[in-house]
Amino acid sequence: MTGPPGAVDSLQRVGTEVVNVLFSLSRALRLYDPNNAAVQRIIDDFCQALDQGFAEGEPELQLRLLQDEAFINGRLLRADLALYERITSLHRRLAPTGVNELTFRRGAQRADIESLTAALAEALRVADRRLEWPANDHVALGWTEGDAIASFRFDPDRLAVWLYRSLLDMVDTLYEQVGAGARPSLLPLRRTLQLVIDSMRSHSGVFQVLAALRDPAEPVGPATRRVMVAVDLVGLALWLGLPLADVLTLGLAGLLGGFARGREPDAAVRTLLRFEGLGETALPLTLLLHDAVSVRAGGAGAMPGRCLALVEEYVAACLFAEGHEARAPRGVLDSLVKGGLPWADKRLVAAFARYKGPFPLGSLVTIDPGGLAVVVAAVGEEGRRRPTVVPIGPDGRAREPVDLAAEPDRRIVGVPKPSEARFSPALLLSREA
């Protein structure tokens, strides 16, 4: 991590505001001259956003706009549905001018922003006109080739953290919109999920750890629960070697399965009619969610639907709920293997248990010597039996990782109940950014 969580969140807020004012500015300049009162008010907001960033200690603020993502000072900007649409729209407007990277350095004045506004106005008024911008000590413009995955090729763990958080934000917004009766588009959600799948193909473990970390004494919201289900479905599908189209459908089912409520399969999938942007996944996704509801009621259902139902039950059993304490993943898996779900296919349960391993990533274990620890990596068969763990000190804070496969004198001696472990997952998450 390069800064405390508060600084990271502040940078996210500043980045969001810079995107918003740039979007408003680019739209206003299509209608008004730079000296128009409406444009001048946007410039006021622009200067205020920059001042806020500099006041937080940032020597410069660099916004990079790619086709589907934005970065602020090299960090992926977490985007909900509205911000995603502004990012993609702003990229489309600026791309013909030859600009997708804007850097503002400490000392930038209103005169610099007014000069940028004038140059932007000239470029936007003529199709495919390049933005002419002289050398400036406080404002620099440029163009960056590539995409989000390539930009993080040397730091995949950080990419995983921001993709996971961005997915959480988008799903949370989606559930709020549906609750308000809206008909949201799933295009931005699908795009983010595709990036998650691409990242999980080589770094699945990071996502599994992020999804498993939670406060065992607090209930989780629907967005968190659905992202947890989606991560395990995607991870299992990739582990089984399924085609990527099937992986995407399973991931979407994990995210949207919370809308398929009730015991009547036909009624349970009607909510899907609210969504736009399902594309070619519409039919297989509908069948999958239909089957997941059907098998729970003792009906028939194909393997993808049974897979969704199984993972949903696994996640629910691990989580705290009213009248139900959080359970250790290892114990839940043991119960499933012994036939805890009569409708679950035994071969599927066995495959899921092998995928999760004897010590699922993100779960708590007790090591000797060392005490409480969190499982964070398990590479190969030996690594699954003797994984890499992060010990938790008496103060509840994370220590340096320990590879048990490389330290034969240390071993796992137990799996504690989550409710009995005095540990805040936020302290471990604060190591990642």
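Here, every reference points to the structure presented above.
Residues numbered from 1 in each chain as written. Predicted model: local features only at pLDDT ≥ 70, side-chain atom pairs only at ≥ 80, totals over all residues. Heavy atoms only, no water.

Novice: Go over the packing of helix α13 (residues 329-337) against helix α14 (residues 346-356) with me, naming the residues and quoting the values.
Specialist: Packing of α13 against α14 brings their axes to within 9 Å, and their N-to-C directions diverge by 160 degrees. The orientation of α13 with respect to α14, classified from their angle, is roughly antiparallel. Once α13 is placed against α14, the crossing between them reads as left-handed. Mapping the contact onto sequence places L333, L336 and V337 in α13 and V349, F352, A353 and K356 in α14. Among the residues forming the contact of α13 with α14, the class breakdown is six nonpolar, no polar and one charged. (Axes fitted to C-alpha atoms, helices over the stretch in contact; angles between N-to-C directions. Helix = DSSP H or I, 4+ residues; strand = E, 2+ residues; numbered from the N terminus. Parallel < 35°, antiparallel > 145°, perpendicular 65-115°, else oblique. Left-handed = near helix turned anticlockwise from the far one by under 90°. Contact = heavy atoms within 4.5 Å. Nonpolar A, V, L, I, M, F, W, Y, C, P; charged D, E, K, R; others polar.)

Novice: Quick one: what's the story with the environment of N73, residue by residue and with numbers?
Specialist: Tracing the backbone through its elements, the reader meets N73 in the loop between β2 (70-72) and β3 (75-76). Judged by relative accessible area, which is 26%, N73 ranks as partly exposed. Along the chain, N73 and G15 lie 58 residues apart, while their C-alpha atoms are 8.6 Å from each other. Setting aside residues up to four positions removed in sequence, N73 forms contacts with L11, E58, E60, L61 and Q62. (Buried < 20%, exposed > 50% of the residue type's maximum accessible area, 1.4 Å probe, protein only.)

Novice: Lay out helix α12 (residues 303-318) with the relevant residues and their values.
Specialist: In this model α12 runs 23 Å from its N-terminal to its C-terminal C-alpha over 16 residues, within 8% of the 22 Å that 1.5 Å per residue would give. With 12 of its 16 residues buried, α12 lies for the most part within the structure. When we look at burial in α12, the residues that qualify are G305, R306, C307, L308, A309, L310, V311, E312, Y314, V315, A317 and C318. The inward-facing, buried residues of α12 abut α8 (222-240), α9 (244-256), α11 (282-296), α13 and α14. (Expected span 1.5 Å × (residues − 1).)

Novice: Break down a nonpolar patch on the surface for me, citing the residues and quoting the values.
Specialist: Together, W239, L240 and L242 make up a nonpolar patch on the protein surface, roughly 260 Å² of accessible area in all. Tracing the sequence through the fold places L242 in the loop between α8 and α9. (Patch = residues over 30% accessible without salt bridge, like charges linked within 9 Å, V, L, I, M, F, W, Y side chains within 5 Å. Areas by Shrake-Rupley, 256 points an atom, 1.4 Å probe, with all protein chains shown as cover. Salt bridge = Lys/Arg side-chain N within 4 Å of Asp/Glu carboxyl O.)

Novice: Please give an account of the packing of aromatic side chains that cites residues and values.
Specialist: Per the counting criterion, the structure on display carries six aromatic pairs. Centroid distance F259 to F275: 5.4 Å. Interplanar angle 55 degrees. Geometry classified as tilted. Taken together, the residues F259 in the loop between α9 and α10 (265-268) and F275 in the loop between α10 and α11 connect sequence positions 16 residues apart. The pair formed by F259 and F275 is uniform in burial state, with each residue classed as buried. With 5.0 Å between their ring centres and 80 degrees between their planes, Y314 and F352 make a pair best called edge-to-face. Of this pair, Y314 sits in helix α12 while F352 sits in helix α14, and the two are 38 residues apart along the sequence. These aromatic residues form a ring-pair network of at least three members: W239, Y314, F352 and Y355. Over the aromatic face of F359 sits the side chain of R330, whose NZ or CZ is 5.1 Å from the ring centroid. (Phe/Tyr/Trp six-rings, centres within 6.5 Å; stacked < 30°, edge-to-face > 60°. Lys NZ or Arg CZ within 6 Å of the ring centre and 35° of its normal.)

Novice: Could you give me a rundown of empty space enclosed by the protein, with the residues and numbers involved?
Specialist: Applying the stated criterion across every chain yields a total of four cavities of 30 Å³ or more. Taken as a whole, the second largest cavity spans an internal volume of roughly 120 Å³. Looking at the second largest cavity, it is lined by 13 residues, and the ones nearest its centre are A212, M228, D232, Y314 and K356. Looking at the lining of the second largest cavity, the elements with two or more residues in it are α7 (187-212), α8 and α12. Its residues assigned to classes, the lining of the second largest cavity comprises nine nonpolar, one polar and three charged. (1 Å grid on protein atoms, 1.4 Å probe; cavity = no way out; pocket = protein on both sides within 12 Å on 5 of 7 lines; lining within 4 Å. Points joined across faces, edges and corners; volume = space filled by probe spheres on them.)

Novice: An account of the pairing of strand β4 (residues 101-105) is needed here, citing residue identities and associated values.
Specialist: Burial of β4 is extensive: four of the five residues sit out of reach of the surface. Inspection of the sheet shows strand β1 (residues 60-65) paired to β4 by five bridges, in the antiparallel sense. Within β4, the residue paired with L63 across the bridge is L102. Bridge analysis of β4 against strand β5 (residues 139-142) gives four bridges, and the strand direction is antiparallel. Looking at β5, one finds that E101 is bridged to G142. (Pairing = 2+ DSSP bridges.)

Novice: If you had to explain the sheet that holds strand β10 (residues 411-414) to someone new, which residues and values would you point to?
Specialist: As summarised here, the arrangement of the five strands in space is β9-β8-β7-β6-β10, forming an open sheet in which the pairing is antiparallel. The sheet is open, and its two borders are formed by β9 (402-403) and β10, each paired with just one other strand. Where strand β7 (residues 371-377) lies against strand β8 (residues 388-391), four bridges are found, and the strand directions are antiparallel. Residue pairing across strands places A377 opposite T388, the latter belonging to β8.

Novice: Give a detailed account of the sheet that holds β1, specifying residues and quantitative values.
Specialist: Taken in spatial order, the five strands make up an open sheet running β3-β2-β1-β4-β5, and their pairing is antiparallel. The open sheet terminates on both sides in strands that have one partner only, identified here as β3 and β5.

Novice: Break down unusual backbone geometry for me, citing the residues and quoting the values.
Specialist: Following D368, the chain continues to P369 via a peptide bond in cis, the omega torsion being -5 degrees. Tracing the sequence through the fold places P369 in the loop between β6 (364-368) and β7. The backbone of N73 sits at a positive phi, close to 50 degrees, despite the residue not being glycine.

Novice: I'd love a proper account of the pattern of salt bridges, names of residues and values included.
Specialist: Counting across every chain of the model gives 15 salt bridges. With a closest N to O distance of 2.4 Å, R110 and D44 form a salt bridge. Of this pair, R110 sits in helix α4 (residues 110-124) while D44 sits in helix α2 (residues 37-55), and the two are 66 residues apart along the sequence. On the accessibility criterion, R110 (28% relative accessible area) is partly exposed. One salt bridge in this structure joins E69 and R191, with 3.3 Å as the shortest N-O distance. Highlighted residues: E69 in the loop between β1 and β2 and R191 in helix α7, separated in sequence by 122 residues. Look at R191 and you get partly exposed, because its relative accessible area is 22%.

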